[in-house]
Amino acid sequence: WQTATMRRNFELFGDYISLDMMKRALNILLWPYTAVCMYDDARKLCLGCEGVLCGERMDMYEFICQFLGKSSPGRPLSEVKIVSGDGFFDTETIRRLGFTNANFIL
């Protein structure tokens, strides 16, 4: 999901984002919480979108990135400059997700 505040956060502060899924058993179905995170102008954590997905799989990351791109028309994914993530990603994966001009930081 994405609130109006989340959309605005991504459009304003989405130059550098972080992607990850929390796989801890914090819900009955053991589905991970995921969020697109970034820092605002006061260096406080803010969210671009978040959700509970079926698992840490590539199709789930594809879904959240497509959702982010469609729901935030003020910032195309191609305008994101840096994407950080864990060992699930590499530069090629980030490009396939739509961040065609971003550098990847592990």
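Residues numbered from 1 in each chain as written. Predicted model: local features only at pLDDT ≥ 70, side-chain atom pairs only at ≥ 80, totals over all residues. Heavy atoms only, no water.

Participant: Talk me through the environment of Ser84; I want residue IDs and the actual numbers.
Facilitator: Topologically, Ser84 is positioned in strand 4 (residues 82–84). Spatially, the C-alpha atoms of Ser84 and Asn103 are 8.4 Å apart, while their sequence positions differ by 19 residues. Excluding residues within four positions of it along the chain, Ser84 makes contact with Tyr16, Ile17, Ser18, Leu19, Phe104 and Ile105. Separated by 3.3 Å, the side chains of Ser84 and Ser18 make a polar contact. (Helix = DSSP H or I, 4+ residues; strand = E, 2+ residues; numbered from the N terminus. Contact = heavy atoms within 4.5 Å. Polar contact = N/O pair within 3.5 Å; in protein donor to acceptor, adjacent residues only side chain to side chain.)

Participant: Describe the confidence of the model for the chain, naming the residues involved and giving the relevant values.
Facilitator: Taken over all residues, the pLDDT of the chain has a mean of 91, while the share at 70 or more is 96%. Of all helices and strands in the chain, the one with the weakest mean pLDDT is strand 1 (residues 16–22) (90), whereas helix 1 (residues 4–13) scores best (96). (pLDDT = per-residue confidence, 0-100.)

Participant: Run through the sheet that holds strand 3 (residues 45–52), naming residues and quoting values.
Facilitator: If you trace the 5 strands from one edge of the open sheet to the other, you get 3-2-1-4-5, paired in mixed fashion. Here the strands that pair on one side only, and so sit at the sheet edges, are strand 3 and strand 5 (103–105). Geometrically, the sheet is characterised by an average inter-axis angle of 20° between neighbouring strands, direction not taken into account. When strand 4 meets strand 5, the two strands line up parallel, connected through 3 bridges. Bridge pairing links Val83 to Phe104 in strand 5. Packing of helix 1 onto the sheet brings it into contact with strand 1, strand 2 (33–39) and strand 3, and relative to strand 3 it is tilted by some 130°. Contacts from helix 2 (residues 58–71) reach strand 1, strand 2 and strand 3, with the element oriented near 140° to strand 1. (Pairing = 2+ DSSP bridges. Axes fitted to C-alpha atoms, helices over the stretch in contact; angles between N-to-C directions.)

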